[in-house]
Amino acid sequence: MSANTQAPPATDDLLTEDPHLRRGPRGFPLLPGGYGRSTYYIGAPSPYAVRGEGYRVWDDRGRELIDANNNFTSLIHGNAHPEITEAATKALTSGASWGIPNLHEWELAELLLSRLPQLDQVRFTNSGTEAVMSAVRIARASTGRERVIVTQGGYHGTSDLALVPGGPSYTRGVTRGVIDDVTAIPLNDVDRLRRAIETAPTEYAAIILDLLPNRAGLLRISDDFVTTARDLATRHGIVLIIDEVISLRLGLQGLSGQYGVAPDLLTTGKTIGGGFAVGAVVGLAELMAEVDPTRAGSLPHGGTFSGNPVSMAAGAAALRLYPEPEVDRLNRLGDNAREKVNAQVSQAGWEVRGRGSLLRAVPAGAQKVDEATQHRLWWASYQRGLLGSPANLLSLSTPMDGAVVDDIADRLADAVLAVADAPTSA
């Protein structure tokens with residue numbers, strides 16, 4: 001299957017030379033390695049996006065791509081959705097941000113809590129990383145404890161604490177004290193979870209769960225592990241934090257709602273920002289009181305752009321555009337795509353994992369995929385007009401219909417088979 005290689009639509013003439021080659025006055029690349037985010041890196045100089053519309057994006061190399069990266073799952077409604085663009089533009093023309101509250105923050109909080117009726121209050125941040133940092137601090141303040149349990153392969157952003165479950169390649173630069181405060185439990189090892197807590201039940205402030213960890217190859221956490229974590233947290237006064245920065249899109253009450261387990265604190269972002277920077281801690285009132293500034297001794301929480309009106313207005317529009325029928329429709333399309341691709345790639349020793357509108361192709365049985373293999377699949381997908389994340393995570397968006405998702409499945413299967421058939425050194 002050949003990718004559409006029509007010229008991209010007109011855009012500002014910013015790309016007069018390879019951006020990776022641009023250098024500052026002292027001769028160094030303007031950005032370290034030529035990248036603004038480490039997560040952009042795909043083993044070779046990357047194409048640059050010049051325009052997006054709906055489920056499509058055009059790059060500086062003249063390719064039209066199906067965008068299943070969606071800025072790392074955050075664009076639930078694809079690129080430049082007109083209602084979200086209108087909401088953001090209207091907010092922007094009234095003022096991008098202020099040093100006093102804005103009414104858009106209340107609107108988004110109300111919409112979010114209507115989907116999470118077991119929780120009481122919201123505090124907005126600028127990212128999922130900040131949301132997890134704030135949730136951990138709230139848990140520590142409320143319990144008077146310091147240690148935290150995570151699962152190996154879970155991803156909770158880029159704070160020092162969140163880097164620990166990634167292993168030695170992630171913890172360079174992280175202090176020994178932070179590392180020692182974090183206990184990483186193998187995914188779905190209920191006995192290890194129970195032993196860790198029962199050995200020192202009064203030392204743990206929080207258990208943090210990523211219910212569909214992409215770093216672990218999008219393996220699903222078992223019902224037994226989740227319910228055991230909830231029971232142990234309740235029994236020993238530990239705060240259960242469920243990280244739904246990515247997975248909130250999978251259910252009206254997030255993925256935790258499908259497990260039937262209520263967290264004490266829920267962290268989220270991505271989907272609730274309409275494509276703008278956002279994060280949120282949603283929690284029980286007695287815990288959220290820790291950041292209530294009217295309460296003596298409360299935790300200070302700032303962030304110059306936390307709850308800014310543009311992100312809040314865009315996020316409110318995004319949530320209104322994503323009611324339960326749309327959640328269910330996207331999940332069915334994703335389930336169908338997984339089944340279709342698996343039928344084509346299983347004989348080649350690959351499988352497609354995930355849940356609902358999130359998919360990831362990996363070698364069968366793998367818990368960790370080496371970076372070289374990820375990069376080969378990224379480029380094979382790109383050559384077929386399909387844009388995924390560098391870790392090969394694909395996310396669907398609401399502009400996609402059955403025909404588009406079938407096309408995604410065909411392109412992905414073709415890319416996987418090409419990688420599976422190629423020599424390892426290729």
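Per an unreviewed UniProt entry, the protein chain is named Glutamate-1-semialdehyde 2,1-aminomutase, and its organism is Kineococcus aurantiacus. Of the protein chain, the UniProt comment under Sequence similarities (unreviewed entry) reads exactly: "Belongs to the class-III pyridoxal-phosphate-dependent aminotransferase family."

Counting across every chain of the model gives four aromatic pairs. Between W378 and Y382 the ring centres are 5.3 Å apart and the planes differ by 10 degrees, which places this aromatic pair in the stacked class. Taken together, the residues span about one helical turn, with W378 and Y382 both in helix α14 (residues 371–383) at a distance of four residues. As far as the burial class goes, W378 and Y382 line up, both buried. With 5.6 Å between their ring centres and 90 degrees between their planes, W379 and Y382 make a pair best called edge-to-face. Taken together, the residues W379 and Y382, both in helix α14 and three residues apart, mark about one turn of the helix. Under the relative-accessibility criterion, W379 is labelled buried at 18%. Site record: aromatic cluster; members linked through ring pairs are W378, W379 and Y382. The ring of Y382 has R63 sitting right over it, with the charged end atom 5.0 Å from the ring centre.

Turning our eyes to something else, we now look at the environment of R338. The residue R338 is located in helix α13 (residues 324–345) in this model. On the basis of relative accessible area, R338 is assigned to the buried category, the value being 8%. R338 sits 19 residues away from S357 along the chain, and the two C-alpha atoms are 9.5 Å apart. Apart from the residues lying within four places of it in its own chain, the contact partners of R338 are V352, R353, G354, R355, G356, L358 and L359.

Right, let's talk about the domain arrangement of the protein chain for a bit. Annotation of the protein chain at the domain level lists domain 1 (26–79 + 323–421) and domain 2 (82–321). Relative placement of domain 1 and domain 2: their C-alpha centres are 25 Å apart. Listed as interface residues are 25 residues of domain 1 and, on the opposing side, 25 residues of domain 2. For the pair domain 1 and domain 2, the summed buried surface comes to about 2200 Å²; carbon and sulfur atoms form 56% of the total.

Thresholds, definitions, all that
- Residues numbered from 1 in each chain as written.
- Predicted model: local features only at pLDDT ≥ 70, side-chain atom pairs only at ≥ 80, totals over all residues.
- Heavy atoms only, no water.
- UniProt positions renumbered as here; feature names shortened; annotations may be inferred.
- Phe/Tyr/Trp six-rings, centres within 6.5 Å; stacked < 30°, edge-to-face > 60°.
- Helix = DSSP H or I, 4+ residues; strand = E, 2+ residues; numbered from the N terminus.
- Buried < 20%, exposed > 50% of the residue type's maximum accessible area, 1.4 Å probe, protein only.
- Lys NZ or Arg CZ within 6 Å of the ring centre and 35° of its normal.
- Contact = heavy atoms within 4.5 Å.
- Domains from an automatic or database assignment.
- Buried area = accessible area lost by both parts, 1.4 Å probe.

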